[in-house]
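Descriptive structure summary
These are the residues of each chain, in order.
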Amino acid sequence: MAAGPPTHTATPASTAVFPVAQYDLPGTLASGQAFRWQLTDLGWTGVIGSLFVRLRADEFSIEAETAHPVTDWSWLRAYLQLDLELAQVLRTFPDDEPMRTAVAACRGLRLLRQEPWECLASFILSSTKQIVQIRQIVGLICERFGEPLQALPGHSAAYAFPTASRIARTTEAELRACRMGFRAPYLLATASRVAGGQFDLAGIGNLPLAVARTELMSLPGVGRKIADCVLLFAYGFPSAFPVDVWVMKALRQLYFPRRRVSMQRMHRFAATHFGPWGGYAQQYLFHYMRTHRPSKLK
DNA sequence: TACCAGGAGAGCG
DNA sequence: CGCTCTCATGGT
């Protein structure tokens with residue numbers, strides 16, 4: 001099964017190559033910040049906005065292909081955050097043993113810049129779910145409620161992430177049929193508020209971090225952790241520091257090995273200890289714990 | 001089989 | 001406040 005050269009019957013596709021340094025594309029796409037990327041034998045495939053995208057990477061570049069003509073690739077540069085100087089970010093991390101270990105173990109790990117609604121909805125579905133299950137649920141709602149898209153030859157059908165108004169027009173039963181359980185009423189209610197214009201997702205990015213967080217937490221099914229994920233992964237607030245069970249265990253184990261620390265104190269510690277790019281540091285700790293010491297939890 | 005998962009919200013003391 | 005319980009489902 002090969003991609004094959006473009007034929008006269010196919011929609012003209014586009015290809016672009018971006019030089020990169022210190023960019024671990026597979027690690028980044030699989031690190032639990034986005035849930036739609038899949039590794040196929042032709043590369044990593046996913047959907048950004050309403051475009052099917054295939055990515056391939058080597059040490060020095062990322063090659064992107066779309067099923068439709070593209071001349072302006074700025075949307076992809078933004079999604080992959082290609083203009084970020086990773087070295088300058090790493091330099092702001094605290095110079096301590098846990099951080100050095102995590103950075104060494106996750107060379108080239110990056111943060112993506114995702115579309116706010118997709119990010120918000122995905123993380124509402126993430127609560128107390130393993131990443132594989134989140135991917136499955138997200139896949140189901142895309143198949144059932146997302147707009148069909150043209151994929152590149154050799155790839156299975158692709159769908160856009162369903163809009164808030166489309167989700168708002170579903171029923172709780174339809175959503176539960178996507179295996180999301182008790183998260184269904186949360187997603188439905190939040191989609192209704194966004195689609196109905198009672199909540200301004202587009203304006204969140206212009207607010208100060210604390211205000212933006214409070215706003216997001218007013219949505220059904222959105223607490224501190226999910227709000228921080230959206231602030232970090234979609235709006236790019238670099239100091240937003242999501243604390244989930246993995247990060248909590250990492251912080252306890254690495255920084256407070258023999259002391260009981262509450263969630264609130266941990267947030268205070270994180271805010272002061274990890275600096276202006278704390279969110280980035282958090283992703284290194286999260287990914288390090290998940291990929292390098294899964295058995296050392298507890 | 002038992003335990004746990006990128007939690008949130010309600011109820012309680 | 002801060003703690004505990006429940007919620008639904010499937011992976012390991």
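In what follows, the structure referred to is the one given above.
What you see is a predicted model; the values in this text were computed from it and never measured.

Rules and cut-offs
Residues numbered from 1 in each chain as written. Chains lettered and ligands numbered in written order. Predicted model: local features only at pLDDT ≥ 70, side-chain atom pairs only at ≥ 80, totals over all residues. Heavy atoms only, no water. Disulfide = S-S within 2.5 Å. Near = heavy atom within 4 Å. Polar contact = N/O pair within 3.5 Å; in protein donor to acceptor, adjacent residues only side chain to side chain. Nonpolar A, V, L, I, M, F, W, Y, C, P; charged D, E, K, R; others polar. Helix = DSSP H or I, 4+ residues; strand = E, 2+ residues; numbered from the N terminus. Buried < 20%, exposed > 50% of the residue type's maximum accessible area, 1.4 Å probe, protein only. Contact = heavy atoms within 4.5 Å. Arc of directions from axis to C-beta. Phe/Tyr/Trp six-rings, centres within 6.5 Å; stacked < 30°, edge-to-face > 60°. Lys NZ or Arg CZ within 6 Å of the ring centre and 35° of its normal. Pairing = 2+ DSSP bridges. Axes fitted to C-alpha atoms, helices over the stretch in contact; angles between N-to-C directions.

Describing the state of the cysteines
Summed over the entire model, instances satisfying the criterion amount to zero disulfides. In this model Cys106 remains outside any disulfide bridge; the closest cysteine sulfur is found in Cys229, 17 Å from its own.

Notes on the protein's contact with DNA strand C
In the neighbourhood of DNA strand C, the contacting residues comprise Lys129, Gln130, Val132, Gln133, Arg176, Arg179, Gly181, Phe182, Arg183 and Gln264. For DNA strand C, the fraction of atoms within 4 Å of the protein that belong to sugar or phosphate moieties is 65%. Gln264 places a side-chain nitrogen or oxygen 3.5 Å from a phosphate oxygen of DNA strand C. Within the surface near DNA strand C, the residues separate by chemical class into two nonpolar, four polar and four charged.

Thoughts on the side chain of Gln33
With respect to the helices, strands and loops of the structure, Gln33 is situated in the loop between α1 (25-29) and β2 (38-40). Residue classification places Gln33 among the buried residues on the basis of a relative accessible area of 0%. Polar contacts involving the side chain of Gln33 include one to the main-chain amide nitrogen of Leu112, which spans 3.0 Å. Other than its neighbours up to four places away in sequence, Gln33 contacts Thr28, Arg110, Leu111, Leu112, Gln114, Phe123, Phe233 and Gln283.

Topic: helix α13 (residues 263-273)
Within α13, burial applies to Met266, His267, Phe269 and Ala270. All buried residues of α13 fall inside an arc of 165° around its axis, so they share one side. Counted as exposed and oriented over 90 degrees from the buried face of α13: Gln264, Ala271 and Thr272. Residues of α13 that are buried make contact with α11 (224-233) and α12 (245-255).

Here's the deal with the packing of aromatic side chains
What the rule picks out here adds up to 13 aromatic pairs. Plain terms: the ring middles of Trp277 and Tyr280 are 6.1 Å apart, the flat faces sit at 70° to each other, and that makes the pair edge-to-face. On the basis of relative accessibility, which here comes to 3%, the residue Tyr280 falls in the buried class. Here the aromatic cluster, defined as three or more aromatic residues joined through ring pairs, consists of Phe241, Tyr255, Phe256, Phe269 and Phe274. In this arrangement the basic side chain of Arg183 is found over the ring face of Phe182, its NZ or CZ atom lying 4.1 Å from the centre.

Some details on the sheet that holds β2
Strand order in the open sheet formed by five strands is β1-β5-β4-β3-β2, and the pairing between neighbours is antiparallel. Only two strands of the sheet have a single partner each, and these edge strands are β1 (14-19) and β2. Each neighbouring strand pair of the sheet contributes to a mean axis angle of 30°, computed without reference to strand direction. As defined by bridge partners, strand β4 (residues 51-57) adjoins strand β5 (residues 61-66) across five bridges and the pair is classed as antiparallel. When the sheet's bridge partners are listed, Arg54 is paired in β5 with Glu65.

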